[in-house]
Amino acid sequence: MKLYFAPRTRAVRARWLLEELGVHYELVRLDLARQENSTPEYLAVHPLGEVPALVDGDVTLLESLSICLHLADRFPEKHLAPPVGSAERGPYYRWMVFAEMSLDSVVMEFYWHARAAEEKQASAHSDEALAKHRARLGAVLEVIHVGLDGREFLVGGAFTAADVVMASILHLANTLRLLDGHPRLVEYVKRHSQRPAVRKAVSG
Ligand SMILES: N[C@@H](CCC(=O)N[C@@H](CS)C(=O)NCC(=O)O)C(=O)O
C-alpha cells in the first residue's frame, strides 16, 4: 500500500490508522508549498490534487474518511472496526460520518476564519455567520459529550477507527480553542494524542 501524505493535513489520520494497524506501507510525502500535489503524476492519482490518497493494489482511494473505513475493514484481525452486521457497526458508522459531516464541516468554518485573520485578509464570515456557526458547533460538541459519557471510546468500549477520525478533528478544534469549556472532549483528545501511533504519524 502507498499513502500519499503531507504533514498537518487530513492525511495524518490515514497514517495514524496505518500505524495503529501496524501494517507495512509506503509513505509518499508531498510538499504542498512546492505544489508537488499538482504534478501530472499526482493528478493521475488524485484528480483534485489533494492529500491523502491511498493506493492499495489495483484500488485507489480518495477521501480520508473512505481510506479509514477501508483500512479498518481490510484488516479485521486488528479489531479496529466492529464486524459488519454486529450491534456496534451502526454506532461505528454513525460516529465516523458524524465526525466528518457534522463536526468537521463546522470546525473548518472556524479554521478558515482563523487563517484569514492570520493572513490579515477579510474573513468571509460576518459576525452573524460566526454566531450561527458557534451555536451549531455547541450543539455538535454536546452530542459528542453525551456520546462519551462514561466511555473512553466512541464505540463498544474499545478503540476503533471512529476514534481516529473523531480525535483528529477534535484535535484541530482544540488547537483553534473551540473546546474551551468542554473538559471531557479535551481529555479525550489529549488521551488519544498520547498513543504511540499518533506520535509516529506526526513525525516528519
Ligand atoms: N475531503 C478530503 C479533503 C482533502 C483535502 O482538502 N486535503 C487538503 C489538505 S487537508 C489538500 O490536499 N489541499 C491541497 C493544497 O493545500 O494544495 C479528505 O478528507 O480527504
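Residues numbered from 1 in each chain as written. Predicted model: local features only at pLDDT ≥ 70, side-chain atom pairs only at ≥ 80, totals over all residues.

Peer 1: Please clarify how the domain arrangement of the chain should be interpreted in this entry.
Peer 2: The accessible area lost on association of the parts is a frequent measure of interface size. According to the domain assignment, the chain contains domain 1 (2–80) and domain 2 (89–195). In this assembly, eleven residues from domain 1 lie in contact with eight residues from domain 2. Where the side of domain 1 that touches domain 2 is concerned, the elements lending two or more residues are helix 1 (11–21) and helix 3 (64–74). Considering only residue class, the side of domain 1 that touches domain 2 consists of eight nonpolar, one polar and two charged. (Domains from an automatic or database assignment. Contact = placed C-beta atoms within 7 Å. Helix = DSSP H or I, 4+ residues; strand = E, 2+ residues; numbered from the N terminus. Nonpolar A, V, L, I, M, F, W, Y, C, P; charged D, E, K, R; others polar.)

Peer 1: Help me understand the sheet that holds strand 3 (residues 53–56), please; the structure alone is not making it clear to me.
Peer 2: Within a sheet, neighbouring strands are paired by backbone hydrogen bonds and run either parallel or antiparallel to one another. If you trace the four strands from one edge of the open sheet to the other, you get 2-1-3-4, paired in mixed fashion. Each edge of the open sheet is held by one strand with a lone partner, namely strand 2 (26–29) and strand 4 (59–62). Ignoring which end each strand starts from, the neighbouring axes of this sheet average 20 degrees apart. Lying over the sheet, helix 1 contacts strand 1 (2–5), strand 2 and strand 3, oriented at roughly 145 degrees with respect to strand 1. (Pairing = 2+ DSSP bridges. Axes fitted to C-alpha atoms, helices over the stretch in contact; angles between N-to-C directions.)

Peer 1: Mind showing me how you'd approach the packing of helix 1 against helix 6 (residues 161–175) here?
Peer 2: A packed helix pair is summarised by two numbers, namely the angle formed by the two axes and the spacing between the axes. Helix 6 packs onto helix 1 with a crossing angle of 145 degrees between their chain directions and a minimal axis gap of 10 Å. Where helix 1 crosses over helix 6, the two elements pack in a sense that is right-handed. Across the interface between the two elements, Val-12, Arg-13, Trp-16, Leu-17 and Glu-20 of helix 1 pack against Ala-161, Val-164, Val-165 and Ser-168 of helix 6. (Left-handed = near helix turned anticlockwise from the far one by under 90°.)

Peer 1: Where do I start with helix 6 in this structure?
Peer 2: Because the α-helix completes a turn every 3.6 residues, residues three or four places apart line up on one side. In this model, helix 6 (15 residues) spans 21 Å end to end at C-alpha, consistent with the 21 Å of a helix rising 1.5 Å per residue. Burial analysis of helix 6 places 13 of its 15 residues in the buried class, the great majority of the element. (Expected span 1.5 Å × (residues − 1). Buried ≥ 20, exposed ≤ 12 C-beta atoms within 10 Å, placed from the backbone.)

Peer 1: Explain the pairing of strand 2 to me, please; I cannot follow it from the model alone.
Peer 2: Regular strands have side chains that alternate between both faces of the sheet. For strand 1 and strand 2, the ladder comprises four bridges, and the chain directions are parallel. When the sheet's bridge partners are listed, Tyr-4 is paired in strand 2 with Val-28. In the classification by handedness, the crossover that spans strand 1, the intervening helix 1 and the parallel strand 2 is right-handed. (Right-handed = clockwise from strand over helix to strand, strands pointing away.)

Peer 1: How do you make sense of the site of the ligand when you look at a structure like this?
Peer 2: Neighbouring residues of the ligand: Thr-9, Arg-10, Leu-32, Asn-37, Glu-50, Val-51, Pro-52, Glu-63 and Ser-64. For the shell around the ligand, the per-class residue count stands at three nonpolar, three polar and three charged. (Near = placed C-beta within 6 Å.)

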